[in-house]
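Results of the structural survey
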Amino acid sequence: MSAPDASQITESLDNLNLDSNAPAQTEATEASAQGEGDAVADTSASLYVGELNPSVSEAALFEIFSPLGQVSSIRVCRDAVSKKSLGYAYVNYHKHEDGERALDELNYSLIEGRPCRIMWSQRDPALRRNGDGNIFIKNLHPDIDNKALHDTFSAFGRVLSCKVATDEAGNSKGFGFVHYETAEAAEAAIENVNGMSLNDREVYVGKHFSRKDRESYFEELKANFTNVFVKNFGPEYTEDELKNLFSTYGKITSVHFEKDNEGKSKGFGFVNFEAHESAVKAVEELNDKEINGQKIYVGRAQKKRERIEELKKQYESTRLEKLSKYQGVNLFVKNLDDSLTSEQLEEEFKPFGTITSAKVMVDDAGKSKGFGFVCFSTPEEATKAITEMNQRIILGKPLYVALAQRKEVRRSQMEQQIHARNQMRMQNAAAGGMPGQFMPPMFYGQQPGFFPGNGRGGNGPFPPNPQMMMPRGQMPPPQGQWPRAGPNGQPVPMYGMPPMYGGEFQGPNGRQQRGGFPPQRGQKGGPNKARDLAAIIASAPAEQQKRILGEELYPKIVSTGKADEPEAAGKITGMMLDLENQEILALLEDDELFSTHFEDALTAYEDYKKSSEEATEA
């Protein structure tokens, strides 16, 4: 039969039913009109086509399957959100014999470079889950693919489906499944192929059991084990000695003595008893028995999967135990001087209680990272240490001391901060007389001509705007929007307004003081700059301290190159401003400490942005 041309394909596709919710509505409609007998035939004319390249479309499948008979509908199954192909499709024919022909001629043929796998579509879940004709094959040679497996087992009956399990790279995992139409065909395959050599490998063929049945069978084997694992008996111990040691507890059916390439013992092996009682007795009496100067281990032999699961449980249990043990007693200490050692850190915290551990974290070169941990024996001691040591000056630097938190907890808190700020922004918008209207968020550095670069009185990248000149010490409004009035009539800035402290303010001594600290010519900052900023913060009113710190943080965040968008830089600046003032000062002085906090804040912002986009798409 000749292949149809492009015009014929287009015309035929227009007449096809491509409804994603009903791959075979045409058949169902005809079945209801023709009677129950024809309905069965129509249903069996539906083919499942798997192992498809994601780029395969309905049109490509129609071009391949239509020459073999009249196609009623085609559906490539796709992800509900991304609309990407899931790698399989349904092709429905009007006639059963056309489906038979397609199955015979096209099964395992190449479609866009991949061998497809075709089988009859079974829409009845009960029949799909019926395992009477399903068999399991293992120890397959890597060269045996779906087609080779099908050709081998089709001799025993009609094969409904056949598949070799593969990894993500498409390589065989060494096992597969064959589903026959009848249980008799499955029994014949097991009887004739089990133990045979396929490509020089002896394969195992047996009845396939569901996961639930396998778990039940596995639990039964565990309760009635006969195989025992032995280790730590040393390389000098012989196989005969091992047999003699265990034979006193019952009849042994087999002994596996693990050896290396040179034939020397690896110090472990397996002993299988005939009776479960013998295995139990051997474990009870021989475990921890001393042989050749060391204690041997004897226990029930475990499958690899079971060992891995137990190790995972042990790890998780140990992790939770540590978290519970150190909850409320482990302190995080940062802004440490580079010369401070773990011993000196312990000495500083000793007056507040019994210390179980104290450590300054260092890099690969042994240089201090500027932070560490101190663990006390009781929560009361830890609380006292936080109260007394937080912001205490050690080697000229104020310490930041707080309870240690896991990374995921810190990120979760930062995400909550983002949500809280969004709610605050909306509340401020409503309080400003704009209920029900969307107010675009304002962030640090968003208003050109308004934000002075790095607190240098307008010497930054944005030129000053003459229209926004205000009396010294007052905050200018952002481009026509005025802040709402506070309880006493004072302006209250909305979230995200860029800080500006180039004017003057009244210090605690009643004298007018000027914000900012323009460096002297040739000065590059450093410790003097940090001390100047700390002095300015200490003398500035509380309501202006965060604005001053924010103006220093924002350009530093932008300079990382990872948050160059105004929204990202603004929100991350806001998150980091939630830290204590002394901690922010430490961040501005210590680049490594700043980087640690910045990465946490950036991750939290990206997670929040991703969840917001997903919520919008949904």
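Residues numbered from 1 in each chain as written. Predicted model: local features only at pLDDT ≥ 70, side-chain atom pairs only at ≥ 80, totals over all residues. Heavy atoms only, no water.

Thoughts on the overall build of the protein chain
Broken down by element type, the protein chain carries 20 helices and 28 strands. Here the protein chain holds 618 residues, and 38% of them are scored as buried. Of all intrachain contacts in the protein chain linking residues separated by at least 6 positions in sequence, the fraction that spans at least 24 positions is 63%. For the protein chain, the exposed surface amounts to about 35,600 Å²; the carbon and sulfur share of it is 49%. (Helix = DSSP H or I, 4+ residues; strand = E, 2+ residues; numbered from the N terminus. Buried < 20%, exposed > 50% of the residue type's maximum accessible area, 1.4 Å probe, protein only. Contact = heavy atoms within 4.5 Å. Areas by Shrake-Rupley, 256 points an atom, 1.4 Å probe, with all protein chains shown as cover.)

Description of the sheet that holds strand β8 (residues 159-166)
Within the open sheet, the 4 strands sit side by side as β8-β9-β7-β12. Their pairing is antiparallel. Among the strands making up the open sheet, the edge pair consists of β8 and β12 (204-207). On average, each strand axis in the sheet is inclined to that of its neighbour by 20 degrees, with strand direction left out of account. Pairing of strand β7 (residues 134-138) with strand β9 (residues 172-180), which is carried by 5 bridges, proceeds in the antiparallel orientation. Bridge pairing links F136 to F177 in β9. Each of β7, β8, β9 and β12 is contacted by helix α7 (residues 146-153), which is oriented at about 140 degrees to β8, the strand it contacts most. The sheet strands contacting helix α8 (residues 183-193) are β7, β9 and β12, and the helix crosses β12 at an angle near 150 degrees. (Pairing = 2+ DSSP bridges. Axes fitted to C-alpha atoms, helices over the stretch in contact; angles between N-to-C directions.)

As for the nonpolar core
One broad trend across soluble globular proteins is that nonpolar side chains are buried collectively. Formed by 32 residues in total, the largest nonpolar core has its most connected members in L549, I557, I572, M575 and M576. Residue assignment for this core shows that the elements contributing at least two residues are α15 (407-431), α16 (527-539), α17 (542-558), α18 (566-576), α19 (581-589) and α20 (591-617). Looking at this core element by element, the count peaks at 8 residues for α20. In contact with M575, not counting residues within four places along its chain, are M414, Q417, I418, R421, A601, A604 and Y605. (Core = buried A, V, L, I, M, F, W, Y, C linked by side-chain atoms within 4.5 Å.)

Some details on the packing of α17 against α19
A pair of packed helices is characterised by two quantities: the angle between their axes and the separation of those axes. Closest axis-to-axis distance for the α17/α19 pair is 11 Å, and the angle between their directions is 25 degrees. If you check the angle between α17 and α19, you find them roughly parallel. The handedness of the crossing between α17 and α19 comes out as left-handed. Judged by residue contacts, Q545, K546, L549, E552, L553 and K556 of α17 engage N581, I584, L585, L587 and L588 from α19. In terms of residue class, the contact of α17 with α19 is made up of 6 nonpolar, 2 polar and 3 charged. (Parallel < 35°, antiparallel > 145°, perpendicular 65-115°, else oblique. Left-handed = near helix turned anticlockwise from the far one by under 90°. Nonpolar A, V, L, I, M, F, W, Y, C, P; charged D, E, K, R; others polar.)

Here we look at the pattern of salt bridges
Any two side chains of opposite charge can pair, on the condition that their charged atoms come close. Applying the stated rule across the entire model yields 14 salt bridges. For E274, the salt bridge goes to K251, with nearest N and O atoms at 3.9 Å. Of this pair, E274 sits in the loop between β15 (265-273) and α11 (276-286) while K251 is found in the loop between α10 (239-247) and β14 (252-259), placing the two residues 23 residues apart along the sequence. We note that E274, like K251, is exposed. Of the charged contacts in the structure, one is a salt bridge between E347 and K350, with a shortest N-O distance of 3.3 Å. (Salt bridge = Lys/Arg side-chain N within 4 Å of Asp/Glu carboxyl O.)

With respect to the sheet that holds strand β24 (residues 400-403)
The 4 strands are arranged β20-β21-β19-β24 in an open sheet whose pairing can be described as antiparallel. Edge strands, defined here as strands with exactly one partner in the open sheet, are β20 (355-362) and β24. On average, adjacent strands in this sheet sit at an angle of 20 degrees to one another, irrespective of strand direction. Pairing between β20 and strand β21 (residues 368-376): 6 bridges, direction antiparallel. Of the residues in β21, the one forming a bridge with V360 is G372.

Quick look at the confidence of the model for the protein chain
Confidence in the prediction of the protein chain, expressed as mean pLDDT, is 75, and 72% of residues score 70 or more. Note that residues 434-525 has pLDDT below 50 and, in this model, 158 contacts with residues that lie over four places away or in other chains. (pLDDT = per-residue confidence, 0-100.)

Observations regarding helix α4 (residues 58-65)
Those residues of α4 lying buried are E58, L61, F62 and F65. The arc that holds the buried residues of α4, viewed along the axis, is 105 degrees, so those residues lie on one side. (Arc of directions from axis to C-beta.)

Remarks on the pairing of β9
Note that β8 and β9 share 6 bridges and pair antiparallel. Each bridged residue has a counterpart across the sheet, and for V159 the counterpart in β9 is Y180. Linkage of β8 to β9, two consecutive antiparallel strands, is achieved through a turn of 5 residues, within which G170 is found at a positive phi near 90 degrees.

Considering the packing of aromatic side chains
Summed over the entire model, instances satisfying the criterion amount to 17 aromatic pairs. Ring geometry for F332 and F373: centres 5.6 Å apart, planes at 45 degrees, overall tilted. Of this pair, F332 sits in strand β19 (residues 330-334) while F373 sits in strand β21, and the two are 41 residues apart along the sequence. A relative accessible area of 18% means that F332 is categorised as buried. A cation over an aromatic ring shows up here: K138 above the ring of Y204, its NZ or CZ 5.2 Å from the ring centre. The aromatic ring of Y297 is capped on one face by K231, whose charged end is 5.4 Å from the ring centroid. (Phe/Tyr/Trp six-rings, centres within 6.5 Å; stacked < 30°, edge-to-face > 60°. Lys NZ or Arg CZ within 6 Å of the ring centre and 35° of its normal.)

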